[in-house]
Amino acid sequence: MTPQSIAAFLARHGRAITLKRLAADGALVEFEAEAMACQLTGQAAVQLVGVLGQDEVAFVMEAESLTLALWPAPPRKGDQIVDRGKTRTLSRNAEVRSLGTDIAFYVIKASD
């Protein structure tokens, strides 16, 4: 498994979501980037992020697009994702998953 094979998997099975980081005043978008992500459900979600609350969702998000967009990685608590027109806020810092020295993907958890 390589970061490229994960990106290829997400390109086939995932969807594009937008990640936003707001400025300190919360009024302006400081950074914005689009990346491929796959929503985690069932046992996969439990294994990677633990139990999800009723209003929470979890995603595996590829890292390369964020790197190319000069995103100040990793995504952190308070960042926002926009998925299918719905905005959610990350409820914790993203988990960084690496393969060797390369960041392969992020695991993010967000709520309404």
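That block above? That's the structure.
Rules used throughout
- Residues numbered from 1 in each chain as written.
- Predicted model: local features only at pLDDT ≥ 70, side-chain atom pairs only at ≥ 80, totals over all residues.
- Heavy atoms only, no water.
- Helix = DSSP H or I, 4+ residues; strand = E, 2+ residues; numbered from the N terminus.
- Polar contact = N/O pair within 3.5 Å; in protein donor to acceptor, adjacent residues only side chain to side chain.
- Contact = heavy atoms within 4.5 Å.
- Pairing = 2+ DSSP bridges.
- Core = buried A, V, L, I, M, F, W, Y, C linked by side-chain atoms within 4.5 Å.
- Buried < 20%, exposed > 50% of the residue type's maximum accessible area, 1.4 Å probe, protein only.

**Student:** How should I be thinking about the side chain of Glu 62 in this particular structure?
**Tutor:** Note that Glu 62 resides in strand S3 (residues 56–62). A distance of 2.3 Å separates the side chain of Glu 62 from the side chain of Ser 65, its partner in a polar contact. Glu 62 has contacts with Leu 10, Ala 35, Met 36, Ala 104 and Phe 105, leaving out every residue within four places of it along the chain.

**Student:** Explain the pairing of strand S5 (residues 86–90) to me, please; I cannot follow it from the model alone.
**Tutor:** Where strand S4 (residues 80–83) meets S5, 4 bridges bridge the pair, whose relative direction is antiparallel. Considered in S5, the bridge of Gln 80 is made with Thr 89.

**Student:** Explanation requested: the nonpolar core in the structure shown.
**Tutor:** Counting 17 residues, the largest nonpolar core has Leu 19, Met 61, Leu 66, Ile 81 and Ile 108 as the members making the most contacts within it. Breaking this core down by element, the ones donating at least two residues are strand S1 (15–22), strand S2 (29–40), S3 and strand S7 (102–111). With residues near it in sequence (within four places) discarded, Met 61 still touches Leu 10, Ile 17, Leu 19, Ala 35, Met 36, Ala 37, Leu 66, Phe 105, Tyr 106 and Ile 108.

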